[in-house]
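Secondary and tertiary structure notes
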Amino acid sequence: MTTDALVLQGLIKDFDGSRAVDSLSLTVPSGSLFGLVGPNGAGKTTTLSMATGLLRPDQGTATVLGHDVWADPAGAKALMGVLPDGMRLFDRLSGAELLRYVGLLRRLPADVVAQRSADLLGVLGLDADKLVVDYSAGMTKKIGLACALIHGPRLLVLDEPFEAVDPVSGEGIRSILRGYVQGGGTVILSSHVMELVESLCDRLAVIAQGRVLAEGRVEDVRAGESLQQRFLDLVGGPVSGSEDLAWLRSWSD
Ligand SMILES: Nc1ncnc2c1ncn2[C@@H]1O[C@H](COP(=O)(O)OP(=O)(O)OP(=O)(O)O)[C@@H](O)[C@H]1O
């Protein structure tokens, strides 16, 4: 029997009396490339933060390959690579220095860190010697991904990994993730781009207001429609049209 890569059970998180995540349960099977989608404020980042030990749930549990994230944080975190939303990096280090720091922190031998760092910087097209503070938004996302990968985790948790990434680099990241899953890894990623989730992921969950609206294999959730249409059906279309902003067109009168 294979252990599921990530199991979230009954997660609840309130902020200032308002419920951001509402009894959310989700299972990410080992070997899947799992997409997490939902409108702005749906609770994706809050959920992934609780799943990775960055934010303590008010209730519920998160388990990574059988290790409870909160009862056995060291065991769970050793198995995970995480790209958090808006990650704060030591940006006065160069790309290579940052990867060396993260790799050594993960207790990898220095020669292994050097080799992997060179591989990752090369594949992601990043300048090894440039300070991270001088990286563009997309480059910063890519160095964050490299930091998540360097210790060869079994589960990757990526919050919007394609945000601000150019199409060529995006294709490179897709190919890294596909290869990683083919090699036995598991990925859960959040995204707002339905086409990307549709083409890259094999499973997904749609969440809104902190709850799971639909979950399963992509083709089952789509149910014959495009994922974009299915998403709109599930979460509801735009609340208002452009006619409400008549003042924005007043110059044409
Ligand atoms: N630290 C915080 N303090 C107060 N409220 C918060 C905090 N973090 C998140 N929230 C609230 O929790 C809800 C869920 O936010 P979250 O960032 O998890 O959504 P999301 O699905 O990741 O959104 P987006 O797609 O816009 O990134 C929102 O209403 C947000 O305002």
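Higher on the page you've got the structure.
Now for a quick tour of the structure.

Conventions we followed
- Residues numbered from 1 in each chain as written.
- Predicted model: local features only at pLDDT ≥ 70, side-chain atom pairs only at ≥ 80, totals over all residues.
- Near = placed C-beta within 6 Å.
- Helix = DSSP H or I, 4+ residues; strand = E, 2+ residues; numbered from the N terminus.
- Nonpolar A, V, L, I, M, F, W, Y, C, P; charged D, E, K, R; others polar.
- Buried ≥ 20, exposed ≤ 12 C-beta atoms within 10 Å, placed from the backbone.
- Pairing = 2+ DSSP bridges.
- Right-handed = clockwise from strand over helix to strand, strands pointing away.
- Arc of directions from axis to C-beta.
- Contact = placed C-beta atoms within 7 Å.
- Core = buried A, V, L, I, M, F, W, Y, C linked by C-beta atoms within 7 Å.
- Domains from an automatic or database assignment.

Moving on, we come to the site of the ligand. Neighbouring the ligand are Phe15, Asp16, Ala20, Gly38, Asn40, Gly41, Ala42, Gly43, Lys44, Thr45 and Thr46. In terms of residues, the shell around the ligand owes the most to one element, helix α1 (residues 44–51), which gives three residues. The residue makeup of the shell around the ligand, split by class, is three nonpolar, six polar and two charged.

Here we come to the pairing of strand β8 (residues 186–190). Across the five residues that make up β8, a large majority, five, are buried. Across the two faces of β8 the burial is the same, with Thr186, Ile188 and Ser190 and Val187 and Leu189 all buried. Two strands pair when backbone bridges link them, and strand β3 (residues 33–37) and β8 are joined in this way by four bridges, in the parallel orientation. Across the sheet, residue glycine 35 finds its bridge partner in β8, namely leucine 189. The pairing of strand β7 (residues 155–159) with β8 spans five bridges and is parallel. By the bridge assignment, leucine 155 is partnered in β8 with threonine 186. In this view, the connection linking β7 to its parallel neighbour β8 by way of helix α6 (residues 167–182) has right-handed handedness.

Next up on the list: α1. Summarising burial for α1: eight of the eight residues are buried, a large majority. Restricting attention to buried positions, one finds in α1 the residues Lys44, Thr45, Thr46, Thr47, Leu48, Ser49, Met50 and Ala51.

Those residues of helix α3 (residues 95–105) lying buried are Gly95, Ala96, Leu98, Leu99, Val102 and Gly103. What you see down the axis of α3 is that its buried residues fit within an arc of 160°, all on one side. Where the residues of α3 are buried, they touch α4 (110–124) and α5 (137–149).

It is worth spelling out the nonpolar core at this point. Generally speaking, soluble globular proteins have nonpolar side chains that are buried together. Residues Ala146, Val157 and Val187 are the most contacted members of the largest nonpolar core, which totals 63 residues. The greatest single-element share of this core, amounting to seven residues, is contributed by α5. Summarising the domain contributions, this core has at least three residues from each of domain 1 (6–79 + 153–252) and domain 2 (90–152).

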